[in-house]
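Examination of the molecular architecture
For reference, the chains in residue letters:
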Amino acid sequence: MKTSKTMNIRAIAMMIMAMVFSLQANAVLKEENLDKTLAILKNELTTQYEEISTRTARQKARSQDMHNRIMEVWRMSNQNALMLYSQKQDYVFDLTYACHEATKQYHDFTRVRIPFVSFLNRTKLDIARYDSLSKSLSEIPDAMLGRKALADRNECLRLSKAILNNLKQNYRNTSDFIEMYNKTAAHLKEINDYANLRYNDIQTDIFKNGSDDYFTVLKRLRFVITQMRQSVEEKYKARPLSNSQWDSKFILGLFVIIFFYGIVASLLNILVIKKLLPRRIREKEFLKRPFYFTMASTTFTFALILGLIRATTSQNFLIMASDLLVEYAWLLGIVLFSLLLRLTHEHMKSAFRIYAPLITVGFIVITFRIILIPNELVNLIFPPVLLFSTLWQWGMIKRHHSKVPRVDMFYSYCSLTVFLFSVVSSWAGYTLMSVQVIIWWIMQLTCILTIASANRWLKIIGKKKKVDNKPITSTWFYHFCNQALLPVMGVASAMLSIYWAADVFNLSVLCWKIFTTNFVNLDNLKISIIRLSVAVSLWFIFSYICNTLREIMRQQFMRNDPTTADSRDMMGKNVLQVVVWGTWTLVVLSIFSISFAWLMVVTGGLSTGIGFASKDILENIYYGISLMTGRIKVGDLIECDGIRGKVTSISYVSTLIESTDGSVIAFQNSQLFTKNYKNLTRNHGYALSAIVFGVGYGTNIEQARQIVEQAVNDMHHPLIDPEKPAKAVFLDFADSSINIKLLCWVDVLKQAYVEGDIRNCIYDTLNTNNIEMPFPKRDVYVKELRQD
């Protein structure tokens, strides 16, 4: 309500200025004579006078409405001032609520500043223009004008003076409004400054000063109880003559109403689930746990009802209570739906119990916040509540740790850690800080479970739709949610949970100020939490863009030429990464306000050293591009420096080769480019194998050669080139045999296996045809020595 009124003030002011800015220029050009010029000017001024008269009448009504709304802002600001200045420092929840209302009104009022200066300057120019026009018209001698021209001149003079008077009146009215606006802004700023001082006091009390430790409280228990009773009576005792919206009788009545709506939400969900849902839906797995499903759906229905109440009521307590209860209902609903989605019926009960301590403490804190409980009561009640909740959490973990998934046990141990920290803090006197930590973890866990549930739901949809077997063009949105949206939600959840925790004490404005404050604030470098979060979020988005575009390119490469798809994909991947991540780098530099001029100065001083140091790197990049453009491709079998292997990847720096012995060797691109390497699969995929065998002297060489050729060709080996038959040739005369060389084109990738099969064929063929395969022989003579 307050925000809308403030926005209406700015909207009306902008409309008034828009009307003035839209005034026509009333210009006339050089006509054939002065009489014609005056006639045209009279028509222009008549039209303009009629328009400005109509607009002035509407402007007066809008100005009066604006004045009334400014006065309403004054009344609301005075109300906030009285509420703020009357709060006691010990009533933290009351004080933070009052501070929040004051700062919120100030920020809403000053969020969009009206360009008064430009408006007044434009009006001054129009006044000067029409003043000069009137003076010029009055100085025209009557003697040089005919009867009609004289009448036109007098009419133009009258109209220009009338328009001038209207402009001066608008200027005075606007000046009055500007003065009122500035006074209002100054008044709101004064209240806002006081609220910020109180905020600083609250922060100091929460995180620095604290209060007496709980052991001291127990020693002074009688005095503390007496003081607490006085505070409770002062705050919650019904006052018959008071009609305050925050009186205890109104708060009690509104709680009864909220409780009634909770029962209505529960009954509606039971009715819908049992009577109105179709049978096919009731047979779903999650509906086999009706109690927990009813609880989960009831919380969301209850939140919806509270949202409708919040949108239609003007009761301030109900607005505040509805906002907090909606957040708590979301927490409870998310926990239940997450368990329903992920767990079976047997594990559901145990899983709900390990979350029960945190849910209960969350409800207690929300209740404390709604009824604006005094500090004395918080300091007395909350430490033992936290101790009991910690023991309860530990007991649930010990009893049910074997019945729930590991991820839920991890969350439970995190909750136990938070409980332990909160217990120590509260018993040491920092009770309000323990409340803040508990609320933070509740909200953080809610965000985590929300993202986990969404991720689980996506996996179910992906498995059902079989997205892994579909092209990226039809599953891009699924991958966007999985690779970009959920990670960005995870980054945002960290700040969102802290923001919500701060909002319990109405410190959300200060929390946002912390997020946006630059903890590194240099002229050429600015880093804040929000800037870092945006940079990280953009990293996930650009990563998704890079992966998606690469898959699209790969599909296109496979469609055009499958044999070169791997090599083109590697080259496209490298180029795409440079473009995408280069763009991300430029965007991040802009986010961190890094000056490109400053960056050029810094890099310019290092350019010489970097140039020499990166000479080899640049050379490798150049040769890598040259290799990828066609000399070799991924999957080629090459031989370099006596090493034979298959190319597995080509990057801008090096080329990886998986050798035939299984080892992986990296060649720098510059080395590989300048070496005389062999590409064994570039042309047809076959390599010439030369297999040498020997036959004995006296053998018919021609017959042996033809027999071996015929036998190898009759093998019809699938890895031998069928278009190039094997050929045996006379090699040389050896010591013990006549050597013959068999030339055969075999599959280069299976060369070793094929050569083994060929040698088996040669051996069997020669044995079958009784052709001797000699081997070296030596005669050894043993000579006995004579003994004297």
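This text gives an overview of the structure that appears in the document. (Residues numbered from 1 in each chain as written. Predicted model: local features only at pLDDT ≥ 70, side-chain atom pairs only at ≥ 80, totals over all residues. Heavy atoms only, no water.)

Observations regarding the side chain of Asn192
This is how it is decided: Helix numbers and strand numbers start at the N terminus; a helix is a DSSP run of H or I with at least 4 residues, a strand a run of E with at least 2. Contact definition: two residues touch when any of their heavy atoms are within 4.5 Å.
Along the chain, Asn192 turns up in helix α5 (residues 147-209). Non-local contacts of Asn192, meaning those with residues more than four positions away in its chain, are made with Thr103, Tyr106 and His107.

Side note on the packing of aromatic side chains
To be explicit about the condition: Here a Phe, Tyr or Trp ring, Trp counted by its six-membered ring, pairs with any other such ring whose centre lies within 6.5 Å, and the pair is stacked when the planes are under 30 degrees apart, edge-to-face when over 60, and tilted otherwise. Relative accessibility decides the category of a residue: with a 1.4 Å probe and only protein chains considered, values under 20% of the type maximum give buried, values over 50% give exposed, and everything between is partly exposed. A ring is scored as having a charge over it whenever the NZ atom of a lysine or the CZ atom of an arginine sits within 6 Å of its centre and within 35 degrees of its normal.
In the structure shown here, the tally under the stated rule is 13 aromatic pairs. Ring geometry for Trp512 against Phe515: centres 6.5 Å apart, planes inclined by 85 degrees, an arrangement best described as edge-to-face. Linking Trp512 with Phe515, this pair stays in helix α17 (residues 508-516), spanning three residues, or about one helical turn. On the basis of relative accessible area, Trp512 is assigned to the partly exposed category, the value being 46%. Cluster of aromatic residues (ring-pair linked, three or more members): Trp476, Phe477, Phe480 and Tyr544. Here Lys724 stacks its cationic end above the ring of Trp745, 4.2 Å away from the centre of that ring.

Here we look at helix α14 (residues 406-427)
Applied cut-off: What a helix is expected to span follows from its residue count: subtract one and scale by 1.5 Å.
Taking 1.5 Å of rise per residue, the 22 residues of α14 would be expected to cover 32 Å, and the 31 Å separating its terminal C-alpha atoms lies within 8% of that figure. Immediately downstream of α14, the backbone of Gly429 shows phi near 105 degrees, a positive value.

What to know about the nonpolar core
Keep this limit in mind: The definition of a nonpolar core used throughout is a set of buried Ala, Val, Leu, Ile, Met, Phe, Trp, Tyr and Cys residues joined through side-chain atoms within 4.5 Å.
In terms of nonpolar packing, the biggest core is built from 88 residues, with Leu84, Leu339, Tyr355 and Phe382 touching the most fellow members. At 13 residues, helix α11 (residues 316-342) tops the list of elements feeding residues into this core. Aside from chain neighbours lying at most four places away, what touches Phe382 is Val361, Val365, Phe368, Leu377, Thr431, Ser434 and Val435. Judged by nonpolar contacts, the second largest core, of 23 residues, contains Ile691, Val695, Ile707 and Ile740.

Side note on the packing of helix α23 (residues 701-714) against helix α24 (residues 751-768)
Put simply, the test is: All axes are obtained by fitting lines to C-alpha atoms, using only the stretch in contact for helices, and the reported angles, taken between N-to-C directions, cover 0 to 180 degrees. When an angle is under 35 degrees it counts as roughly parallel; over 145 it counts as roughly antiparallel; between 65 and 115 it counts as roughly perpendicular; any other value is oblique. Whether a crossing is left-handed or right-handed is set by the direction in which the near helix is turned from the far one by less than a right angle, anticlockwise for left-handed and clockwise for right-handed. All residues other than Ala, Val, Leu, Ile, Met, Phe, Trp, Tyr, Cys, Pro, Asp, Glu, Lys and Arg, Gly among them, are scored as polar; the first ten of these are nonpolar and the last four charged.
Relative orientation of the contacting elements α23 and α24 amounts to 130 degrees, with a least axis distance of 9 Å. Between α23 and α24, the angle is such that the two are oblique. By crossing handedness, the relation of α23 to α24 is classed as right-handed. Contacts from Ile707, Val708, Ala711 and Val712 of α23 reach α24 at Ile758, Cys761, Ile762, Thr765 and Leu766. Grouping the amino acids of the contact of α23 with α24 by side-chain chemistry returns eight nonpolar, one polar and no charged.

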